[in-house]
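# Overview (structure and organization)
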Amino acid sequence: MFYLANDRYSQVIKALKYPDCRHIIAAIQYNSDTFEEKLKMSEIITNEYWINRWTEGKTFFHSEKRHTSLEKHLEKFIAGRKGIKIFFPLCGKTVDMKILADQGHYIVGVDVAEQAFKEFFADQNLEYTEEHLKNIDGKLFQAMDGRIKLYCMDFYLFTKEMESQFNAIWDHGSLVAINIIDRIKYSQLIKELMSSDCRYVISAMQYDESKYTGHPFYLSEKDLKDLYPNCTIEEFDEIDRSYLYKDYGLDNMMERMYLLQPETNSESI
Ligand SMILES: C[S@@+](CC[C@H](N)C(=O)[O-])C[C@H]1O[C@@H](n2cnc3c(N)ncnc32)[C@H](O)[C@@H]1O
């Protein structure tokens, strides 16, 4: 079994215990045969890594164009709803935020890289305000028209209390970008942020894992079922991204798009 607590953590806990201390541990158990193998193989990526990529301009993952699935399948995501709240976890400076805001929706994004937000507002020619967050290390950037709010902070410090729940979530380059060890933590937060009518689109990168194991991390439909057991899952599109990943030693890289929705008879997501 994979041991999530590290040595330093357990030493501090031991030092805090009286001899008769009763210590209750909540253990999260992940129902996947391959999870431990994947953890062993994967590198650990830090927030500093991402901040440096943005400041050094190494952002080839960013596209100046709207995502093709959002264009082709907009109705799957919006489902005729007007002025809905849409969440973009690990948003970077994706142009889809501006496109959906222009359609009358309300956008909230989170990313750790301030450079991404400065570039977003400059590229989109939007005026914005900037303020420090209270009680959290981070900043809030807001477009003057009030339709786009971008939180510059560690995603795992974001809480439901900050913006309540969302009617839709666009997860492109997000779940596949985080460390595999953080997937459970990530999905737990996302589940808290999903309203009962939430339409959650995830873009999953799929390729030959024996040839490459870094990010974008491989994400299968089974992984999604394990992470979101109380959601229906529908694959609705696929895009061949092989041309972008030749230097990774991969001949084939598919981006598969999944729509997740809370099951109607489920009490909790
Ligand atoms: C591959 S990029 C994708 C950006 C965007 N979603 C897109 O599709 O263009 C991953 C993004 O996640 C951000 N990121 C990674 N770890 C994060 C964390 N723990 N908290 C907040 N942002 C994070 C990075 O700064 C980066 O912009």
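Just above, that's the structure.
Residue positions are given per chain, counting from 1 as you read along its sequence in written order. pLDDT decides what is reported in this predicted model: residues at 70 or higher carry local features, side-chain atom pairs at 80 or more are listed and counted, and totals for whole chains, interfaces and linings draw on all residues regardless.

### Side note on the overall build of the protein
Of the regular secondary structure elements, the protein holds ten helices and nine strands. For the protein, the proportion of its 269 residues judged to be buried stands at 32%. This entry defines residue contacts through backbone-placed C-beta atoms, with two residues in contact when those atoms are within 7 Å. Residue pairs at least 24 apart in sequence account for 66% of intrachain contacts in the protein once pairs closer than 6 positions are excluded. Note on conventions: DSSP H or I runs of at least 4 residues are helices, E runs of at least 2 residues are strands, and numbering of each starts at the N terminus. Around each residue's C-beta, the other C-beta atoms within 10 Å are counted; 20 or more make the residue buried, 12 or fewer make it exposed, and counts in between make it partly exposed. All C-beta atoms are placed from the backbone.

### Quick notes on the nonpolar core
The nonpolar core is taken to be a set of buried Ala, Val, Leu, Ile, Met, Phe, Trp, Tyr and Cys residues joined by way of C-beta atoms within 7 Å. Ranked by internal contacts, the top residues of the largest apolar core, which has 61 residues, are I86, F166, A168, I169, M194 and I202. Element by element, the count of residues in this core is highest for strand β7 (residues 194-207), at eight residues. With residues up to four places along the chain from it excluded, the contact list for M194 reads Q165, F166, I169, Y200, P262 and I269.

### Comments concerning the environment of D182
Along the chain, D182 falls in the loop between β6 (166-171) and α9 (183-193). Residues D182 and I44 lie 138 residues apart in sequence; the distance between their C-alpha atoms is 9.8 Å.

### Focus on the site of the ligand
With respect to spatial proximity, 21 residues lie near the ligand, and among them W50, L90, G92, F155 and G173 are the closest. For the shell around the ligand, the elements supplying multiple residues, two or more each, are α3 (47-55) and β2 (106-111). For the shell around the ligand, the per-class residue count stands at twelve nonpolar, seven polar and two charged. To decide nearness, the C-beta atom of each residue is placed from the backbone, and the residue is near a molecule or strand if that atom lies within 6 Å of it. As a working rule, the residues Ala, Val, Leu, Ile, Met, Phe, Trp, Tyr, Cys and Pro are called nonpolar, Asp, Glu, Lys and Arg charged, and the rest polar, with Gly in that last group.

### Here we look at the environment of D197
Within the secondary structure layout, D197 lies in strand β7. The class of D197 is partly exposed, set by 15 C-beta atoms lying within 10 Å. Separated by 66 residues in sequence, D197 and E263 place their C-alpha atoms 9.7 Å apart.

### With respect to the sheet that holds strand β1 (residues 85-89)
Being paired, for any two strands, means DSSP has found at least two bridges between them. Read across the open sheet, the nine strands follow the order β3-β4-β5-β2-β1-β6-β7-β9-β8; overall the sheet is mixed. In this open sheet, the two strands that pair with only one neighbour each are β3 (128-132) and β8 (231-240). Here the average twist between neighbouring strands, direction ignored, is 20 degrees. As judged from the eight bridges shared by β7 and strand β9 (residues 253-262), these two strands associate in the antiparallel manner. Looking across to β9, one finds that Y200 is bridged to L260. Fitted lines through C-alpha atoms give the axes, limited to the stretch in contact for helices. The angle between two N-to-C directions lies from 0 to 180 degrees.

### Observations regarding the pairing of β9
Pairing of β8 with β9, which is carried by nine bridges, proceeds in the antiparallel orientation. Its bridge partner lying in β9, I239 is registered against E255.

### Regarding α9
Three- or four-residue spacings in an α-helix give side chains the same orientation, since the helix completes a turn every 3.6 residues. Of all the positions in α9, only R183, Y186, I190 and L193 are classed as buried. Buried residues in α9, looked at end-on, bunch into an arc of 90 degrees, giving them a common side. Check the buried side of α9 and you find it contacts β1, α8 (160-163), β6, β7 and α10 (221-227). This arc corresponds to the set of directions leading from the helix axis out to the C-beta atoms.

### Observations concerning unusual backbone geometry
Each neighbour pair has its own omega, and for H215 with P216 the value is 0 degrees, a cis peptide bond. Inspection of the secondary structure assignment puts P216 in the loop between β7 and α10. Of note, the phi angle at A79 is positive, near 55 degrees, even though the residue is not glycine. If you trace the backbone, A79 turns up in the loop between α5 (74-78) and β1.

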